[in-house]
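Residue strings, one per chain:
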Amino acid sequence: MTKSYVGIGIDRCPICATDHTESVLLHKRMKEVFEDGNKVVVSIDLCPDCKAKRAESYIALVEIDEEKSGGYTETIKPENAWRLGGIAWVRSEAWTKIFDVPVPKDGMCFVGPDVIAMLEEMMPDETDETERSKT
Ligand SMILES: [Zn+2]
């Protein structure tokens, strides 16, 4: 009889880093991975909440520490991002009025705390334009 190992695989949201959509993984070679009962991130995919915001054409600005993430905000991968917890949502129509860079094609980007602070200062009351959530 051959041994098999079962573990839980999860999808992680690139925007809010929420783990969602669990799936059961079954693999002989995953013994080491599952031995201590850890869950394993199997893919980077939007969670239902962020997917809904994206469907309303909001762009996510995810607050990170650039230095600890090991690079410039443009090149940081979701799995390497050192998140500070802030997420700002900007409507894509508003994006071009605020920033002089094109709308990110995947609907999200990483920014430093200075950008989040700037957005808060610019639009303190326009909740239909930006929305901030702290996780
Ligand atoms: Zn999410």
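Residues numbered from 1 in each chain as written. Predicted model: local features only at pLDDT ≥ 70, side-chain atom pairs only at ≥ 80, totals over all residues.

What follows is about the overall build of the protein chain. From N to C terminus, the protein chain includes five helices and seven strands. The order of helices and strands in the protein chain, counted from the N terminus, is β-β-α-β-α-β-α-β-α-β-α-β. Across the 135 residues in the protein chain, those meeting the buried criterion constitute 21%. The long-range fraction of contacts in the protein chain, counting pairs at least 24 apart against all pairs at least 6 apart in sequence, stands at 65%. (Helix = DSSP H or I, 4+ residues; strand = E, 2+ residues; numbered from the N terminus. Buried ≥ 20, exposed ≤ 12 C-beta atoms within 10 Å, placed from the backbone. Contact = placed C-beta atoms within 7 Å.)

Although it is not a glycine, Ala 17 adopts a positive phi angle of roughly 65°. Take Ala 17: it is sitting in the loop between β1 (6-12) and β2 (19-26).

Within the open sheet, the three strands sit side by side as β2-β1-β3. Their pairing is mixed. Of all strands in the sheet, those with a lone pairing partner are β2 and β3 (40-44), marking the two edges. Along the sheet, successive strands turn relative to each other by an average axial angle of 35°, direction set aside. Direction of pairing for β1 relative to β2: antiparallel, over a ladder of six bridges. Bridging across to β2, Gly 7 finds its partner in Leu 25. (Pairing = 2+ DSSP bridges. Axes fitted to C-alpha atoms, helices over the stretch in contact; angles between N-to-C directions.)

The subject of this paragraph is the environment of Ile 44. Within the secondary structure layout, Ile 44 lies in strand β3. The exposure class assigned to Ile 44 is partly exposed, which follows from the 14 C-beta atoms found within 10 Å. Sequence separation between Ile 44 and His 20 is 24 residues, and the spatial gap between their C-alpha atoms is 10.0 Å. Aside from chain neighbours lying at most four places away, what touches Ile 44 is Arg 12, Pro 14, Pro 78 and Glu 79.

What follows is about the environment of Ser 92. Looking at the secondary structure, you find Ser 92 in helix α4 (residues 92-98). Exposure remark for Ser 92: the 14 C-beta atoms within 10 Å place this residue in the partly exposed category. Separated by 15 residues in sequence, Ser 92 and Gly 107 place their C-alpha atoms 8.6 Å apart. What Ser 92 contacts, discounting residues up to four positions off in sequence, is Ser 57, Ile 59 and Val 103.

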